[in-house]
Amino acid sequence: MRHVLGDRRAIALLLGPALVVYTLVMLVPVVWSLGYTFFEGNTITGFEPVGLDNFARLAADPAVREALWFTARFAVVLTIVQVVVGYLLALLYVFVLRRASGVVRTLVFFPVVLPTVAVALLFQQLFESAPRTGPVNALLEAVGIGGVDWFASGSTAFWVIIAMETWRSMGFYAVLLYAGLVDIPEETLESARLDGASGPRLVRHIVLPLSLPVLLSSVIFSINGTLKVFDSVLALTNGGPGSQTTPLTLYMYQTSFTYGEYGFGSSIALLLTMLCLVVTLFIFRSSRRDLTKA
Amino acid sequence: MSSTLSQPLAPATAAAPRSRPPARRRRPARAVWRSVWTGALTALVLVVVVYPLVWLVLGSLKTQPEFLNNPTFALPESWTNLDNYVTAVTDGNLGTYARNSVIAVLPSLALTILFGVAAGFALEVMVWKGRATTLLLFLAGIMVPGQMILLPLFTMYFEVGLTGSLWPLIITYTAIGLPLTVFMMATFFRGVPREIFEAATLDGANVLRMFLAVGLPLVRNAIFTVALVQFFFIWNDLLIALTFTNRDELRTIQVGLLNFRGQFGQVDYGPTFAAVCLNVFGTLAIYLFLNQRVMKGLTAGSVKG
């Protein structure tokens, strides 16, 4: 039977199509894109070799630095916010709502599957200040704080993107972390309670340490996803005002398709890939640890 | 685990089972305060999640003067005013965009599942040298950002003459979906006891027959889950669609929606709301029936980030 399961023709037939498509459309372009970093130009005008100029420019360009800073800030802040909010929701599901949490879980998860563009257009309207007042500003005015022109400055626009992404993803992290929380053995909680731990103290001393592994995985998944943020920013602020909310992904896109600089665009893409690579190495380590635990 | 929790975390909502009347009788004031507090908290969560969507649907029924003159929380003056939807579909070309999305998504979804399931089987059930390395090679693709392959693909499709059709989308979606599909299918095949396949080979089945008659039925549910996950990823994609649709007639629904702003300007609210609504209703329809499976699948595919 080893013979049958090792049938080379069958392996080629089953694996072949996937491997060919994957190689041609992903592996070859990755290598090709590496090659582009030594050239400048585009498909229409042709390419000319520029040596290491693109990397020198990558190091010197203030716009790259701004985009890198935005990307890092965005990934860190959003990761903290969405994992913390997700964890609080998961605690709510497990310890407060319990059996009744099913409907809430399903409802809060729904925005996860919504198209990003649709959500971005919705949030533009929610946070609108002129020509008409959106619900958020109307609420702020009602409590006497006064409306804010959210999209007029990079710092407020940043928080609108964070709010939108949190709204979109908190249900996802809640379910991910919920799965970790229900795995905590009932006996552990019961014995802690007999020792007098309850409420916040039970969470801090028993639940939190026991859910650290799944929290860590969530953090890594989240960083890996948020570093690649593109749709949300493009649809919500298009990088503006100015370039104040432009992540690396969007800057790469503008460099390549607005200015036709494929070489420099590829260099930015390489920088982004290296960032993701570092994070993915962590993913591997954490997922392997999970496998040995299970 | 629910019923054994202690009284400080007492049942909260009206829907919670009244399993602990003694606790309530012992400390009624505290228990009542708690259930009010947790009820309010749950209500707040639900309002934050649901209200924006309700507000969106209400907005899609309003006319332009209503948008500009009435307060933002006001209800629409007419509940049967579907003019905005008509405008969105006819003037906004939403029908064309939706058709393009379907034409691009369905073939690539079918191909990515077909290739991915076969590859997952070959990598997990078959025995050969180098399969661990090949699986790693596929896994690496999960991490690669779309920006890394965009420019060479643009050149390739341009040289081959595929630019100006939906083929670039179909091909790219198929390839981009493969890493996660292969990874998830390999995981599912790993969960099937090897004896089943070995017994099938003893019965004299050849490998392809075994794949079709034994392997596929065993992971039928898993295939459906993976397909659902991939559907959302492809349907909601913006980056690939934006890059390879160079004409208005080729735009997918996401790219079309993105350009709604430009088309109507920021002030034409009604049709924009209606267009967003239509896009939301599409996923809502799927989610209504398959929410548990969607939740399970998407969290299982969370490596994609």
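What you see is a predicted model; the values in this text were computed from it and never measured.

### What to know about the overall build of chain A
- Regarding its fold elements, chain A presents 14 helices and two strands.
- At 24 Å, chain A has a C-alpha radius of gyration far larger than the 19 Å of a compact globule built from 294 residues.
- Overall, the C-alpha framework of chain A stretches about 75 × 75 × 30 Å when taken along its three principal axes.
- Per-residue burial over chain A gives 54% buried out of 294 residues.
- Summarising the internal contacts of chain A: among those between residues at least 6 apart in sequence, 66% fall at separations of at least 24.
- Split by element, the accessible area of chain A, about 12,700 Å² in all, is 68% carbon and sulfur.
- Charge separation in chain A, taken as the distance between the mean sites of 19 positive and 18 negative side-chain charges, equals 11 Å.

### A short note on the overall build of chain B
- Looking only at helices and strands, chain B has 15 helices and zero strands in total.
- Counting all 305 residues of chain B, 52% fall into the buried class.
- If you take every contact in chain B between residues at least 6 apart in sequence, the share linking residues at least 24 apart comes to 72%.
- Counting every atom, chain B has about 13,400 Å² of accessible surface; 67% of that belongs to carbon and sulfur.

### Details of the UniProt feature "transmembrane region" (unreviewed entry) in chain B
All names here are of chain B.
- When the UniProt feature table is mapped onto this chain, "transmembrane region" (unreviewed entry) is found at residues 35-58, 102-123, 135-158, 170-189, 210-235 and 269-290.
- Helix makes up 100% of residues 35-58 and strand 0%, and the two end C-alpha atoms of the span are 32 Å apart.
- As annotated, residues 269-290 comprises 100% helix and 0% strand, and the C-alpha atoms at either end are separated by 32 Å.

### Section: the nonpolar core
- Counting residues in each nonpolar core, the largest one holds 182 residues, and the members touching the most others are Phe-109 and Phe-123 of chain A together with Phe-121 and Met-126 of chain B.
- Examining the composition of this core, we find that 18 residues originate from one element, helix α4 (residues 62-97) of chain A, more than from any other.
- Sequence-distant contacts of Met-126 of chain B, defined by excluding residues within four places in its chain, comprise Val-4, Leu-5, Asp-7, Ala-10 and Ile-11 of chain A together with Phe-121, Arg-131 and Val-207 of chain B.

### With respect to the layout of surface pockets
- Of the volumes computed, that of the second largest pocket is approximately 1,100 Å³.
- Lining the second largest pocket are 37 residues, with Leu-89 of chain A together with Leu-41, Leu-44, Val-45 and Val-48 of chain B positioned closest to its centre.
- Counting only elements with at least two residues in the lining of the second largest pocket, the list comes to α4, α6 (116-126), α7 (135-142), α8 (154-181) and α10 (199-210) of chain A together with α2 (28-59) of chain B.
- Top element by residues in the lining of the second largest pocket is α2 of chain B. It accounts for twelve residues.
- Here the residues of the lining of the second largest pocket are counted per class, giving 32 nonpolar, three polar and two charged.

### With respect to the interface of chain A and chain B
- Contact with chain A, which involves 103 residues of that partner, is made by 109 residues of chain B.
- Buried area between chain A and chain B, both sides added, is near 9,500 Å², and the carbon and sulfur share of it is 78%.
- When the buried area of chain A at its contact with chain B is split by residue, Leu-5, Leu-14 and Arg-98 of chain A rank highest and sum to 8% of it.
- Applying the counting rule to chain A against chain B returns zero salt bridges.
- Taken together, chain A and chain B are joined by 13 residue pairs in polar contact (both at pLDDT 80 or more).
- A total of 20 residues in the side of chain A that touches chain B trace back to one element, the largest contributor, which is helix α2 (residues 8-36) of chain A.

### Considerations on empty space enclosed by the protein
All names here are of chain B.
- Tallied over the full model, the rule gives two cavities of 30 Å³ or more.
- Of the voids in this model, the second largest cavity is the one considered here, and its volume is about 40 Å³.
- In this structure, the second largest cavity is lined by Ser-101, Ala-104, Val-105, Tyr-173, Ile-234, Trp-235, Asp-237, Thr-252 and Gln-254.
- Taken together, the elements giving at least two residues each to the lining of the second largest cavity come down to α5 (94-124) and α11 (220-235).
- For the lining of the second largest cavity, the element with the highest residue contribution is α5, accounting for three residues.
- Of the residues contributing to the lining of the second largest cavity, the split by class is five nonpolar, three polar and one charged.

### Notes on the pairing of strand β1 (residues 39-42) of chain A
All names here are of chain A.
- Where β1 meets strand β2 (residues 46-49), four bridges bridge the pair, whose relative direction is antiparallel. Of the residues in β2, the one forming a bridge with Phe-39 is Pro-49.
- Linkage of β1 to β2, two consecutive antiparallel strands, is achieved through a turn of three residues.

### As for the UniProt feature "transmembrane region" (unreviewed entry) in chain A
Residue and element names in this part refer to chain A.
- Per the UniProt record, the feature "transmembrane region" (unreviewed entry) sits at residues 12-32, 74-95, 107-127, 202-223 and 262-284.
- For residues 107-127, the helix share is 67%, the strand share is 0%, and the end-to-end C-alpha distance is 23 Å.
- The span residues 202-223 is 95% helix and 0% strand, and its two end C-alpha atoms sit 29 Å from each other.

### Concerning the packing of aromatic side chains
- In total, this model carries 35 aromatic pairs over all chains according to the counting rule given.
- Here the aromatic rings of Trp-32 of chain A and Tyr-36 of chain A are separated by 6.4 Å at their centres, their planes lie at 55 degrees, and the arrangement is tilted. On the criterion of helical spacing, the pair formed by Trp-32 of chain A and Tyr-36 of chain A is a turn pair, its members being four residues apart in helix α2.
- Overall, Trp-32 of chain A belongs to the partly exposed group, its relative accessible area being 31%.
- Centre to centre, the rings of Phe-231 of chain B and Trp-235 of chain B are 5.5 Å apart; their planes meet at 25 degrees, and the pair counts as stacked. Pair noted here: Phe-231 of chain B and Trp-235 of chain B are both in helix α11, with a separation of four residues, about one helical turn. Pair check on accessibility: Phe-231 of chain B and Trp-235 of chain B agree, each one buried.
- Ring pairing ties together the aromatic residues Trp-32, Tyr-36, Phe-47, Phe-230, Tyr-253, Phe-257 and Tyr-262 of chain A together with Phe-154, Tyr-157 and Phe-244 of chain B, which thus form one cluster.
- Directly above the aromatic system of Phe-264 of chain A lies the positively charged group of Arg-57 of chain A, at a separation of 3.8 Å from the ring centroid.
- Positioned above the aromatic ring of Phe-158 of chain A, the side-chain terminus of Arg-73 of chain A is 4.7 Å from the ring centre.

Definitions and limits used
- Residues numbered from 1 in each chain as written.
- Chains lettered and ligands numbered in written order.
- Predicted model: local features only at pLDDT ≥ 70, side-chain atom pairs only at ≥ 80, totals over all residues.
- Heavy atoms only, no water.
- Helix = DSSP H or I, 4+ residues; strand = E, 2+ residues; numbered from the N terminus.
- Rg over C-alpha atoms; globule rule 2.2 N^0.38 Å.
- Buried < 20%, exposed > 50% of the residue type's maximum accessible area, 1.4 Å probe, protein only.
- Contact = heavy atoms within 4.5 Å.
- Areas by Shrake-Rupley, 256 points an atom, 1.4 Å probe, with all protein chains shown as cover.
- Lys, Arg positive; Asp, Glu negative; His and termini not counted.
- Charge placed at Lys NZ, Arg CZ, Asp CG, Glu CD.
- UniProt positions renumbered as here; feature names shortened; annotations may be inferred.
- Core = buried A, V, L, I, M, F, W, Y, C linked by side-chain atoms within 4.5 Å.
- 1 Å grid on protein atoms, 1.4 Å probe; cavity = no way out; pocket = protein on both sides within 12 Å on 5 of 7 lines; lining within 4 Å.
- Points joined across faces, edges and corners; volume = space filled by probe spheres on them.
- Nonpolar A, V, L, I, M, F, W, Y, C, P; charged D, E, K, R; others polar.
- Buried area = accessible area lost by both parts, 1.4 Å probe.
- Salt bridge = Lys/Arg side-chain N within 4 Å of Asp/Glu carboxyl O.
- Polar contact = N/O pair within 3.5 Å; in protein donor to acceptor, adjacent residues only side chain to side chain.
- Pairing = 2+ DSSP bridges.
- Phe/Tyr/Trp six-rings, centres within 6.5 Å; stacked < 30°, edge-to-face > 60°.
- Lys NZ or Arg CZ within 6 Å of the ring centre and 35° of its normal.

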